[in-house]
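Reading the structure
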Amino acid sequence: MPHAPRPVRIALAATGVIATASLLWTAATPTDVYAIDVFGALRQPGEAAAIIAHRGDRSLAPENTMPALELAMDELAYVETDVRLTRDGVPVLFHDTDLERVAGREGRVEDRTFAELARLDVGRWYSDEFAGERIPTLEAFLAELAERDDARALVELKADWTPAQVRLVVDLIERHRLRGRVVLQSFSIETLQSVQRVAPTTPRIMLIRELPADPVPLAEWLGVIGFGTTAASVTAAPGAVDAAHAAGIAVLCYTLNTQDTWAQVSELGVDGIITDQPSDLDAWIAATAPGT
């Protein structure tokens, strides 16, 4: 049996799952979904990257609320959001580890029932205009996504998910006939392997802060169609993007909000830019890459 690549061994140790590495490896199965199915032709250096709205259009509405997500879906091909499970097992859209910043309450999503969370205001912190906005369910978001034929979503599963928990998400994707239009992504190896076990043909992306110089073995080990990483990571190892593309693997960068970083990663040919400023990025691409 081949050994897992060194970056994976390090990540497994960091996440405390090294004891189950061999089991996860045995469960690995190849995917029948490819990066080009989601992102189209992979980019050449200098070509315009796909614009991916981070937690919806946060420049116009509070993050991970339906107004922000609908604004992004109406204007762009890609929107990104985050999912956590409530105490009673309802997938909801929420980023932070606790409720303090956007809801002004103590505690975590995982410690509350959906009924309790549904009473919280997650819009007033942003502006009075959005007072009364609630935490959306994943199902409500997928229903709106299904109404927009050209929209796709990158859904980050926060923390570690078991196969049974992943099944809740995959069942919702199937119920709304969104197979191939929703990409699941995570920093967690355990979560990515859970997706691989439950739904090996569901496209998935590994989020990683430092992209290996040769990311292909890691992608093959996890069955992912791409990586989401930092601008610093791709500029430190520019050959990694070329190596990934040669193997049909996409590379996205998060979360970039300045023209300097947009230009920097575009020159390397990254396939997508996740941003809090999707309208500004769209205008920048229109000005710097006419005809796109």
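What this report covers is the structure whose coordinates are included nearby. (Residues numbered from 1 in each chain as written. Predicted model: local features only at pLDDT ≥ 70, side-chain atom pairs only at ≥ 80, totals over all residues. Heavy atoms only, no water.)

1. Overview of the pattern of salt bridges
What counts is decided by this rule: Whenever a carboxyl oxygen of Asp or Glu lies within 4 Å of a side-chain nitrogen of Lys or Arg, that contact is scored as a salt bridge. The helix and strand labels rest on DSSP assignments: H or I over at least four residues marks a helix, E over at least two residues marks a strand, and numbering proceeds from the N terminus. Residue exposure (1.4 Å probe, protein chains only): buried if accessible area is under 20% of the type maximum, exposed if over 50%, otherwise partly exposed.
Applying the stated criterion to the full structure yields 16 salt bridges. In this structure, the salt-bridge partner of Asp-82 is Arg-55, at a minimum N-O distance of 3.8 Å. With Asp-82 in strand 2 (residues 78–85) and Arg-55 in the loop between strand 1 (50–54) and helix 4 (66–75), the pair connects residues that are 27 residues apart, well separated along the chain. Judged by its relative accessible area of 0%, Asp-82 falls in the buried class.

2. Looking at the packing of helix 7 (residues 138–146) against helix 8 (residues 163–175)
Defined as follows: Here an axis means a line fitted to C-alpha atoms, over the contact stretch when the element is a helix, while the angle between two N-to-C directions is reported on a 0 to 180 degree scale. The scheme is simple: roughly parallel for angles under 35 degrees, roughly antiparallel for over 145, roughly perpendicular for 65 to 115, oblique for anything else. For any helix crossing, the convention is left-handed if the near helix is rotated counterclockwise from the far helix by under a right angle, and right-handed if that rotation is clockwise. In what follows, a contact means two residues having at least one pair of non-hydrogen atoms within 4.5 Å.
Packing of helix 7 against helix 8 leaves a shortest axis separation of 10 Å and a crossing angle of 30°. Taken together, the axes of helix 7 and helix 8 are roughly parallel relative to one another. Helix 8 is crossed by helix 7, and the crossing has right-handed handedness. Note on element contacts: helix 8 touches helix 7 through Val-169, Leu-172, Ile-173 and Arg-175, opposite Leu-138, Glu-139 and Leu-142.

3. Quick notes on the pairing of strand 4 (residues 152–157)
Under the convention used in this document: Strands are labelled as partners when DSSP assigns at least two bridges between them. By definition, the crossover connecting two strands over a helix is right-handed if that path, from the first strand to the second, turns clockwise as seen with the strands pointing away from the viewer.
Burial analysis of strand 4 places 5 of its 6 residues in the buried class, the great majority of the element. Here strand 2 runs beside strand 4; their pairing, made up of 6 bridges, is parallel. The residue bridging Glu-80 from the neighbouring strand is Leu-154, located in strand 4. The pairing of strand 4 with strand 5 (residues 182–186) spans 4 bridges and is classified as parallel. What sits directly across from Ala-153, in strand 5, is Val-182. In this view, the connection linking strand 4 to its parallel neighbour strand 5 by way of helix 8 has right-handed handedness.

4. Thoughts on the environment of Ala-247
As for its position among the elements, Ala-247 is in the loop between helix 12 (239–246) and strand 8 (250–253). Residue classification places Ala-247 among the partly exposed positions, given a relative accessible area of 42%. Residues Ala-247 and Ala-219, 28 residues apart in the sequence, show an inter-C-alpha distance of 9.5 Å.

5. Observations regarding the packing of aromatic side chains
Which entries qualify depends on this criterion: Stacked, edge-to-face and tilted are the three classes for Phe, Tyr and Trp ring pairs, Trp counted by its six-membered ring, which pair at centre distances within 6.5 Å; planes under 30 degrees apart are stacked, over 60 edge-to-face, the rest tilted. Placement of a positive charge over a ring is assigned whenever Lys NZ or Arg CZ falls within 6 Å of the ring centre and within 35 degrees of the normal to the ring plane.
Considering all chains together, one arrives at 5 aromatic pairs under this definition. Consider the rings of Trp-125 and Tyr-126, whose centres lie 5.7 Å apart with planes at 85°: the pair is edge-to-face. Judged by its relative accessible area of 36%, Trp-125 is partly exposed. An aromatic cluster is built from Trp-125, Tyr-126 and Phe-130, whose rings are joined through pairwise contacts. The ring of Trp-125 carries the charged tip of Arg-101 above its face, separated from the ring centre by 5.5 Å.

6. Digging into helix 12
Here is the rule we go by: By arc we mean the arc of the directions from the helix axis to the C-beta atoms, nothing more.
Of the positions making up helix 12, those classed as buried are Ala-240, Val-241, Ala-244 and His-245. End-on, the buried residues of helix 12 take up no more than an arc of 135°, which puts them together on one face. Here the buried face of helix 12 lies against helix 10 (216–222), helix 11 (231–236) and strand 8.

As far as function goes, none of this settles anything; it's purely spatial.
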